[in-house]
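Single-letter residue listing:
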Amino acid sequence: MWLWVLGRSGGYPRPGEACSGYLVEAGGQRILLDLGHGALSRLLLYQDVYGLDVLVLSHRHPDHVADVPALRVALRWGRPPASWPGRLPVLAPQGTREYLEHVVGEPALEEFDFHYIREDQPVELDGVRLHFRRTRHPVETYALRLEASGAVLAYTADTAPWQPLVELSRGAHLLLAEATLSERYTDRVEAVGHLTGHHAGQLAHQAGVRRLLLTHFFPTTDPQESVAAAQKAFAGPVEAAEEGTSYEV
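An account of the accompanying structure is given in this report. (Residues numbered from 1 in each chain as written. Predicted model: local features only at pLDDT ≥ 70, side-chain atom pairs only at ≥ 80, totals over all residues. Heavy atoms only, no water.)

1. Overview of the sheet that holds strand 9 (residues 142-148)
We count it as follows: Paired strands, in this sense, are two strands between which DSSP finds at least two bridges. The secondary structure listing takes helices from DSSP runs of H or I that are at least 4 residues long and strands from runs of E that are at least 2 residues long, numbered from the N terminus. Axis definition: a line fitted to C-alpha atoms, over the contacting stretch in the case of helices. Angles run 0 to 180 degrees between N-to-C directions.
One open sheet accounts for 7 strands, arranged 7-8-9-10-11-12-13; its pairing is mixed. Two strands lie at the open edges of the sheet, namely strand 7 (123-125) and strand 13 (238-240), each paired on one side alone. Across the sheet, the mean angle from the axis of one strand to that of its neighbour is 20°, orientation sign disregarded. Pairing geometry for strand 7 and strand 8 (residues 128-134), over 3 bridges, is antiparallel. Directly across from E124, in strand 8, lies its bridge partner R129.

Right, dumping it as structure tokens:
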């Protein structure tokens, strides 16, 4: 399993960067996790849009879905191969389709085949199993556990500290965890529904993961300070996600 970081910013893009977007290659599937501001242009550095097998949207905040309308245009007006089924499957919380229809100003998104996420229903793809867990965030948001060929990737999406994520992340080979807030704002995690680097490190420690990759940095947050804070809580390897970098899971 491989993870490509397309964007690592939270809220709005850091200068020259993009917001949340991750491409996972696992079990012969190409899975796109979120697609925030600027992430589509990064995706196109790696592959054509018709090479995607499924799009997973953790929630409908713009820094996670802003480039979905652009993806729709690319799918509609590109040159699909003969093997293209005509619609891209999308896993998302309820209300996401209606939100995107409002954004694009049209009542139908014919390029996408929406399926709503449910915690009690894992999703089986060819060689890949997806488990979801609701997080603590102002809108309906889901963290993800992705299993394929014995490898496990856990993705927190956006969340305040939340015990059920420990079990979702248990024993993951790689935990991709948000670290939106600087440590100076640790008192705000409950109000805004986000983690600091230290909270991400605590989650990694409690879940017994092998590696921790921090992401979703607010533009005023120093990623290396977040790494140092996470290392105080987690003894395993910790890195700040870098755009354009691939990570083996």
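2. Remarks on the sheet that holds strand 4 (residues 54-56)
Using the following cut-off: The contact definition used throughout considers only heavy atoms, calling two residues in contact when any of these lie within 4.5 Å.
Within the open sheet, the 7 strands sit side by side as 6-5-4-3-2-1-14. Their pairing is mixed. If you trace the sheet from one side to the other, it starts and ends with strand 6 (112-116) and strand 14 (246-248), each paired once. Across the sheet, the mean angle from the axis of one strand to that of its neighbour is 25°, orientation sign disregarded. Direction of pairing for strand 1 (residues 2-7) relative to strand 14: antiparallel, over a ladder of 3 bridges. Of the residues in strand 14, the one forming a bridge with L3 is Y247. Across the sheet, helix 3 (residues 68-77) lies against strand 3 (29-35), strand 4, strand 5 (88-92) and strand 6, angled at about 140° from strand 6, the strand it touches most.

3. Some thoughts on the pairing of strand 12 (residues 212-215)
Put simply, the rule reads: Exposure classes here rest on a 1.4 Å probe applied to the protein chains alone. A residue is buried below 20% of its type maximum, exposed above 50%, and partly exposed in between.
Burial of the side chains of strand 12 extends over both faces: L212 and L214 are buried on one face and L213 and T215 on the other. Two strands pair when backbone bridges link them, and strand 11 (residues 174-178) and strand 12 are joined in this way by 4 bridges, in the parallel orientation. Within the sheet, the bridge partner assigned to L176 lies in strand 12 and is L213. Where strand 12 meets strand 13, 3 bridges bridge the pair, whose relative direction is parallel.

4. A few points about the packing of aromatic side chains
We count it as follows: Note on aromatic contacts: the rings of Phe and Tyr and the six-membered ring of Trp form a pair at centre separations within 6.5 Å, being stacked when their planes are under 30 degrees apart, edge-to-face when over 60 apart, and tilted otherwise. Remark: a charge is flagged as sitting over a ring if the NZ atom of Lys or the CZ atom of Arg is within 6 Å of the ring centre and within 35 degrees of the ring normal.
Summed over the entire model, instances satisfying the criterion amount to 6 aromatic pairs. Put simply, the rings of W2, W4 and Y46 touch in pairs and so form one group of aromatic residues. Between the NZ or CZ atom of R30 and the centre of the ring of W4, over which it lies, the distance is 5.5 Å. Positioned above the aromatic ring of Y185, the side-chain terminus of R184 is 6.0 Å from the ring centre.

5. Notes on helix 7 (residues 197-207)
Structural remark: α-helix, 3.6 residues per turn; residues separated by three or four positions point the same way. All of the buried residues along helix 7 are G197, H199, A200, G201, L203, A204 and A207. Looking at the packing, one finds that the buried side of helix 7 touches helix 5 (164-169), strand 11, helix 6 (189-192), strand 12 and helix 8 (223-231). G208 sits one or two positions beyond helix 7 and adopts a positive phi of about 65°.

6. Observations regarding unusual backbone geometry
Unusually for a residue other than glycine, S149 sits at a positive phi of about 50°. Here S149 is to be found in the loop between strand 9 and strand 10 (151-155). Of note, A157 is a non-glycine position whose phi angle comes to about 55°, a positive value. Of note, A157 is situated in the loop between strand 10 and helix 5. With relative accessibility at 1%, the residue A157 sits in the buried group.

7. Some details on the environment of A26
Assignment of secondary structure puts A26 in strand 2 (residues 21-26). Sequence separation of A26 and R118 is 92 residues, and the distance between their C-alpha atoms is 22 Å. With residues near it in sequence (within four places) discarded, A26 still touches M1, V128, L146 and A148.

8. Description of the packing of helix 7 against helix 8
The test is simple: These descriptions rest on fixed angle ranges, namely under 35 degrees for roughly parallel, over 145 for roughly antiparallel, 65 to 115 for roughly perpendicular, and the rest for oblique. In a left-handed crossing the near helix is turned counterclockwise from the far helix by less than a right angle, and in a right-handed crossing that turn is clockwise. Residues are grouped as follows: Ala, Val, Leu, Ile, Met, Phe, Trp, Tyr, Cys and Pro are nonpolar; Asp, Glu, Lys and Arg are charged; all remaining types, including Gly, are polar.
Here helix 7 crosses helix 8 at 40°, and the two axes come no closer than 7 Å. Between helix 7 and helix 8, the crossing angle belongs to the class labelled oblique. As for how helix 7 packs across helix 8, the hand of that crossing is right-handed. Residue-level contacts link G197, H198 and G201 of helix 7 to S226, A229 and A230 of helix 8. Residue composition of the contact of helix 7 with helix 8, grouped by class: 2 nonpolar, 4 polar and no charged.

9. Considerations on the pairing of strand 2
With respect to burial, strand 2 is a largely interior element, 5 of its 6 residues being buried. In this structure, strand 1 lies alongside strand 2, joined through 5 bridges in antiparallel fashion. Each bridged residue has a counterpart across the sheet, and for G7 the counterpart in strand 2 is G21. Linkage of strand 2 to strand 3, two consecutive antiparallel strands, is achieved through a turn of 2 residues, within which G27 is found at a positive phi near 55°.

Read these as spatial facts, not as claims about activity.
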